[in-house]
Amino acid sequence: MYRTPAVALATLALVASGGALAPAASADSGTRDTLRLQAHLDPVPFSKVKGSGTATVTLKGHRATVSVTAHGLLAGAPHAQHFHIAAKGQCPPASAARTVNGMKSVFTTDGAPFYGGIGTSLTTKGDTSPASGLAVDRFPVGPDVTYHRTITVSEEAAKSLRAGTAVVVVHGTDVNGNGKYDDVLGPSDLDPKLPAEATNPALCGPLTKAAKGPVKGGLGGSQGNDGNTLAVAGGAGLLAAAGGVFLLRRRPGRAA
């Protein structure tokens, strides 16, 4: 069972903004409204991803119905996906990349100043808190993602969604094109026991208020189960890709 380093958790933890709380009446008037958001998911610079995707969110209070569709991801491998929150509400530019082994790549923490820390883990079942950020056995598997789930999000995540600072990020790259997650970029900046390719951001899109009509692009269908955020016990997650297999163990999820 691996333990995510404290530095990585601190980087990805929810960042609570300071200041006094708004009066109850004002807060209620904002959270009663149904908010519809959408995002076009584009490849992160230097990710070598050639696909794209879309995301839609319908938020009422703390209840969110989320759909994510994407294609062009690494086949046979799980792809972590999250709401990143409470920063600039932007995807990282090319200038955010670092050079490792002669190759440029945007690591997850390189993008944090732009898209923020994990606010919600878009798992297919069970817990959706930041604690499940690397629950690889509960994320969609590529090359195509067709995900639909209704979940309860935290106060911080709901606030970021309404403020326009929430970003959908899908992780998992194959920069050397060998069909598997390997150590070509060294260890992950989230957990050194994982390869960076497995956790680096692949697709990204800021969530904005939806225009009338359907979101163009992406794929239809659904993957995952509707349900509340539940605590789940630790277990083994299989991170598989053509030509290589990584057996990972995750820490137990916490109750949302």
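Coordinates for the structure precede this section.
One structure accompanies this document, and this report is about it. Computed from a predicted model, the values in this text were never measured in an experiment.

1. Brief notes about unusual backbone geometry
The amide bond that connects Gly-142 to the next residue, Pro-143, takes the cis arrangement and shows omega of 15 degrees. The backbone of Phe-46 sits at a positive phi, close to 70 degrees, despite the residue not being glycine. Phe-46 gets classed as partly exposed once you look at its relative accessible area, which sits at 33%. One non-glycine residue, Asn-101, lies in the positive phi region at around 50 degrees. Positionally, Asn-101 belongs in the loop between β5 (98-100) and β6 (103-105). Residue classification places Asn-101 among the exposed residues on the basis of a relative accessible area of 59%.

2. Re empty space enclosed by the protein
The full count for this structure, using the stated rule, is two cavities of 30 Å³ or more. Within this model, the second largest cavity holds a volume of roughly 30 Å³. In this structure, the second largest cavity is lined by Pro-45, Phe-46, Ser-47, Ser-105, Val-106, Thr-173, Val-175, Asn-200 and Pro-201. Grouping the amino acids of the lining of the second largest cavity by side-chain chemistry returns five nonpolar, four polar and no charged.

3. Points about the environment of Asp-182
Relative to the helices and strands, Asp-182 is located in the loop between β9 (167-171) and α5 (196-199). For Asp-182, a relative accessible area of 13% puts it in the buried group. It is 6.5 Å that separates the C-alpha atoms of Asp-182 and Glu-197, two residues lying 15 residues apart in sequence. Here Asn-176 takes part through its side chain, which lies 3.0 Å from a polar atom of the side chain of Asp-182.

4. Details of the pairing of strand β7 (residues 117-121)
Of all five residues that make up β7, five are buried, and the element is covered over most of its length. Note that strand β4 (residues 81-85) and β7 share four bridges and pair antiparallel. By the bridge assignment for β7, His-84 is matched with Ile-118.

5. A few points about helix α4 (residues 155-163)
The complete set of buried residues in α4 reads Ala-157, Ala-158, Ser-160 and Leu-161. When α4 is viewed along its axis, its buried side chains cluster within an angular range of 165 degrees and face the same direction. Among the structural elements, β1 (34-43), β2 (52-60), β4 and β7 are those in contact with the buried residues of α4. A positive phi of about 80 degrees marks Gly-164, the residue just after α4.

6. Regarding the pattern of salt bridges
Going through the model one piece at a time under the given rule, you end up with two salt bridges. Asp-189 is the partner of Arg-98 in a salt bridge, and the nearest nitrogen-oxygen pair spans 3.9 Å. On the criterion of sequence distance, the pair formed by Arg-98 in strand β5 and Asp-189 in the loop between β9 and α5 is long-range, its members being 91 residues apart.

7. Here's the deal with the pairing of strand β10 (residues 201-206)
The element β10 is largely enclosed, with a buried count of five among its six residues. Two elements, β1 and β10, share two bridges in a ladder whose sense is antiparallel. Within β10, the position partnered with Asp-42 by the bridge is Cys-204. With five bridges joining them, β9 and β10 adopt antiparallel strand pairing.

Reading the values: rules and limits
Residues numbered from 1 in each chain as written. Predicted model: local features only at pLDDT ≥ 70, side-chain atom pairs only at ≥ 80, totals over all residues. Heavy atoms only, no water. Buried < 20%, exposed > 50% of the residue type's maximum accessible area, 1.4 Å probe, protein only. Helix = DSSP H or I, 4+ residues; strand = E, 2+ residues; numbered from the N terminus. 1 Å grid on protein atoms, 1.4 Å probe; cavity = no way out; pocket = protein on both sides within 12 Å on 5 of 7 lines; lining within 4 Å. Points joined across faces, edges and corners; volume = space filled by probe spheres on them. Nonpolar A, V, L, I, M, F, W, Y, C, P; charged D, E, K, R; others polar. Polar contact = N/O pair within 3.5 Å; in protein donor to acceptor, adjacent residues only side chain to side chain. Pairing = 2+ DSSP bridges. Arc of directions from axis to C-beta. Contact = heavy atoms within 4.5 Å. Salt bridge = Lys/Arg side-chain N within 4 Å of Asp/Glu carboxyl O.

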